[in-house]
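Below are the chains, spelled out letter by letter.
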Amino acid sequence: MQNELFHGKLDFNLESGWQEVRALFVIPHKVLILTHKNPDGDAIGSALGLKWVLLKLGHTVDIIIPDDAPSFLIWLPGHNEVIVKGRKSDQSISRYFDECELVICSDFNTPERLGSLEESLRKCVKPKLLIDHHPVYEQFTDVQLIDPQKGSASEMVFLFLEKLLFTELIGPEAATCLLAGIMTDTVGLKVASSYPEIYETVAKLIRLGADKDRIYFEVYNMFSTDRMRLLGYSLEQNMKVLPEFRAAYIALSKNDLKNFRHKKGDTEGFVNYPLSIANVIFSVLFTEQTDHIKLSLRSRGNFPANEFAKKYFNGGGHRNAAGGRYSGTLQEAIGQFESALIDYKELLHAES
Ligand code: 5GP
Ligand code: MN
């Protein structure tokens, strides 16, 4: 594949560049798809949705993720063939990067989000394409297709395929994966979904065979008893509401997680609950990991959770959904959070 033919920015609203990209995709290549660590529904859904269509075009496609997906996603069609870095030797992972002809990155805006795959991506000299819905501050691929107004990377993948005139290659498997990504990143079309086009995309995916009822069932109605009780504990005994800052947080220690036999993905979505409290517009979930504290941040309205995460917790993301990390104890992380709130008090109160 000619690297020099492939550079710049793609834009759904412009015609330039699309013919060249289509020409590249109608010839079979060896494609590697990458997505971010702690993969969520949008990461896995966008990667798998794209893979199904590229397979129909005759490409050879591998998806590599840094670590395992949570159990509520493993039913997604094609998930069993996703390669997990942590389960393979470094040598075999290098081979995928050496042998591929094109790398497609989905649902992340900086190579750091790849965790243990970051170095491999940085060193890789193959043509790279990014499809994402985060603001990108530094271009790290040859071509990028970015729209931070979109609710998910999966929607971006659908629009990308549509723009390349590949819509009819989207079968029920691809449609289900893409709709799963849209539904999970928008919390069941609750957030980042107040624009009409998203419903047009959802309608098209359902027409193409997406199994919406199964997505809803598998993602939201397959809690283990432990997970449900951990949610109850988090809200009843652990949540702290700070009305003076219009904020709330939940802080789960390693011990809390152990007590509820925590499995990967069990705390997914917990951070959204405090936002249902009247007058709370900023919610944070702290979870103690082996070597750091992980933060999930959610906000309502214009309050910039991503800016807050970037400034104090080495993270980022979207305005209303961001993540970050803290090196230190859980108590120290909470301390840092509470003092940072003082700096943001005015902004928190400026929100309607
Ligand atoms: P979650 O709270 O679900 O883990 O992450 C929410 C969003 O925050 C993700 O979709 C991603 O955009 C962003 N995010 C999460 N963790 C990080 C991180 O460590 N660094 C950056 N830059 N963004 C993150
Ligand atoms: Mn996403």
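Conventions and cut-offs
Residues numbered from 1 in each chain as written. Chains lettered and ligands numbered in written order. Predicted model: local features only at pLDDT ≥ 70, side-chain atom pairs only at ≥ 80, totals over all residues. Heavy atoms only, no water. Pairing = 2+ DSSP bridges. Helix = DSSP H or I, 4+ residues; strand = E, 2+ residues; numbered from the N terminus. Core = buried A, V, L, I, M, F, W, Y, C linked by side-chain atoms within 4.5 Å. Buried < 20%, exposed > 50% of the residue type's maximum accessible area, 1.4 Å probe, protein only. Domains from an automatic or database assignment. Contact = heavy atoms within 4.5 Å. Buried area = accessible area lost by both parts, 1.4 Å probe. Salt bridge = Lys/Arg side-chain N within 4 Å of Asp/Glu carboxyl O. Polar contact = N/O pair within 3.5 Å; in protein donor to acceptor, adjacent residues only side chain to side chain. Nonpolar A, V, L, I, M, F, W, Y, C, P; charged D, E, K, R; others polar. Donors = N, O, S within 2.8 Å, 3.2 Å for Na, K, Ca; no water. Near = heavy atom within 4 Å. Areas by Shrake-Rupley, 256 points an atom, 1.4 Å probe, with all protein chains shown as cover. Axes fitted to C-alpha atoms, helices over the stretch in contact; angles between N-to-C directions. Parallel < 35°, antiparallel > 145°, perpendicular 65-115°, else oblique. Left-handed = near helix turned anticlockwise from the far one by under 90°.

Asker: Explain the sheet that holds strand S7 (residues 143-146) to me, please; I cannot follow it from the model alone.
Answerer: Strand pairing within a sheet occurs via backbone hydrogen bonds; the two strands may be parallel or antiparallel. Across the sheet, which stays open at both edges, the seven strands sit in the order S1-S7-S6-S5-S2-S3-S4 with parallel pairing between neighbours. Edge positions in the open sheet fall to strand S1 (8-10) and strand S4 (83-84), since each of these has one partner strand only. Pairing of strand S2 (residues 30-35) with strand S3 (residues 60-65) involves five bridges; the strand directions are parallel. Pairing of leucine 34 across the sheet is with isoleucine 64, part of S3.

Asker: How should I be thinking about the nonpolar core in this particular structure?
Answerer: The tendency in soluble globular proteins is for nonpolar side chains to be buried side by side. Residues Phe25, Ile33, Leu54, Ile104, Phe160 and Leu161 are the most contacted members of the largest nonpolar core, which totals 54 residues. For this core, the element with the most residues is helix H6 (residues 172-185), which contributes eight residues. Among the nonpolar cores identified, the runner-up in size contains 28 residues, and Leu242, Ile334, Ala340 and Tyr344 belong to it.

Asker: What am I meant to see in the domain arrangement of the protein chain here?
Answerer: Where the parts come together, the accessible area they lose is often given as the size of the interface. Each assigned domain of the protein chain is listed with its residue range as follows: domain 1 (3-220) and domain 2 (226-350). Taken over C-alpha atoms, the centre of domain 1 sits 28 Å from the centre of domain 2. The interface is formed by twelve residues belonging to domain 1 together with nine residues belonging to domain 2. For the pair domain 1 and domain 2, the summed buried area comes to about 850 Å², and 53% of that belongs to carbon and sulfur atoms. Run the count over domain 1 and domain 2 and you get one salt bridge. With a shortest N-O distance of 3.0 Å, aspartate 67 and lysine 264 are connected by a salt bridge. Run the count over domain 1 and domain 2 and you get three residue pairs in polar contact (both at pLDDT 80 or more). Taken together, the residues of the side of domain 1 that touches domain 2 sort by class into four nonpolar, four polar and four charged.

Asker: Would you mind showing me how to read the coordination of the manganese ion (ligand 2) here?
Answerer: Angles between donor atoms at a metal ideally measure 109.5 degrees for a four-coordinate tetrahedral arrangement and either 90 or 180 degrees for a six-coordinate octahedral one. Protein coordination of the manganese ion (ligand 2) is provided by Asp42 (OD), Asp107 (OD), His133 (NE2) and Asp185 (OD), with donor distances spanning 2.1 to 2.4 Å. Sequence spacing of the donors to the manganese ion (ligand 2): D-x64-D-x25-H-x51-D. Taken as a pair, aspartate 42 in helix H2 (residues 41-56) and histidine 133 in the loop between strand S6 (128-132) and S7 lie far apart in primary sequence, 91 residues in all.

Asker: When you look at the site of ligand 1 in this model, what are you seeing that I'm missing?
Answerer: Neighbouring ligand 1 are the residues Arg113, His134, Lys294, Ser296, Arg298, Gly315, Gly316, Gly317, His318, Ala321, Ala322 and Gly323. Side-chain polar atom of histidine 134 to an oxygen atom of ligand 1: 2.5 Å apart, as the coordinates give it. Between ligand 1 and lysine 294, the relevant distance is 3.3 Å, taken from an oxygen atom to a side-chain nitrogen or oxygen of the residue. The fraction of the free accessible surface of ligand 1 (500 Å²) that becomes covered by protein chains is 84%. Elements with a contribution of two residues or more to the shell around ligand 1: strand S11 (293-299), strand S12 (316-317) and strand S13 (321-326).

Asker: What is the right way to read unusual backbone geometry from this model?
Answerer: Backbone geometry follows two general trends: most residues other than glycine have a negative phi, and most peptide bonds adopt the trans configuration. Even without being a glycine, leucine 165 presents a positive backbone phi close to 65°. Residue placement: leucine 165 occurs in the loop between helix H5 (153-163) and H6. Overall, the relative accessible area of 61% leaves leucine 165 in the exposed class. Non-glycine residue asparagine 279 carries a positive phi angle of around 75°. Along the chain, asparagine 279 turns up in the loop between helix H10 (254-259) and strand S10 (282-288).

Asker: In this structure, what is going on with the pattern of salt bridges? I would like to understand it.
Answerer: Counted under the stated rule, the structure contains eleven salt bridges. Among the salt bridges present, the one from aspartate 68 reaches arginine 87, with a minimum N-O distance of 2.9 Å. Of the two residues, aspartate 68 is situated in the loop between S3 and S4 and arginine 87 in the loop between S4 and helix H3 (90-99); the sequence distance between them amounts to 19 residues. Relative accessible area serves as the criterion here: at 29%, aspartate 68 is assigned to the partly exposed category. Assessed through its relative accessible area of 62%, arginine 87 is described here as exposed. One salt bridge in this structure joins aspartate 147 and lysine 150, with 2.9 Å as the shortest N-O distance. Given a relative accessible area of 16%, aspartate 147 falls into the buried group.

Asker: Whenever I open this one, the packing of helix H11 (residues 305-313) against helix H12 (residues 330-350) confuses me. Can you help?
Answerer: The interhelical angle for the contact between H11 and H12, taken along N-to-C directions, is 125°, at an axis separation of 11 Å. Classed by the angle they form, the pair H11 and H12 counts as oblique. Crossing handedness for the pair H11 and H12: right-handed. On H12, the residues touching Glu307, Phe308, Lys311, Tyr312 and Phe313 of H11 are Ala333, Gln336, Phe337, Ala340, Leu341, Asp343 and Tyr344. Residue classes in the contact of H11 with H12 are distributed as eight nonpolar, one polar and three charged.

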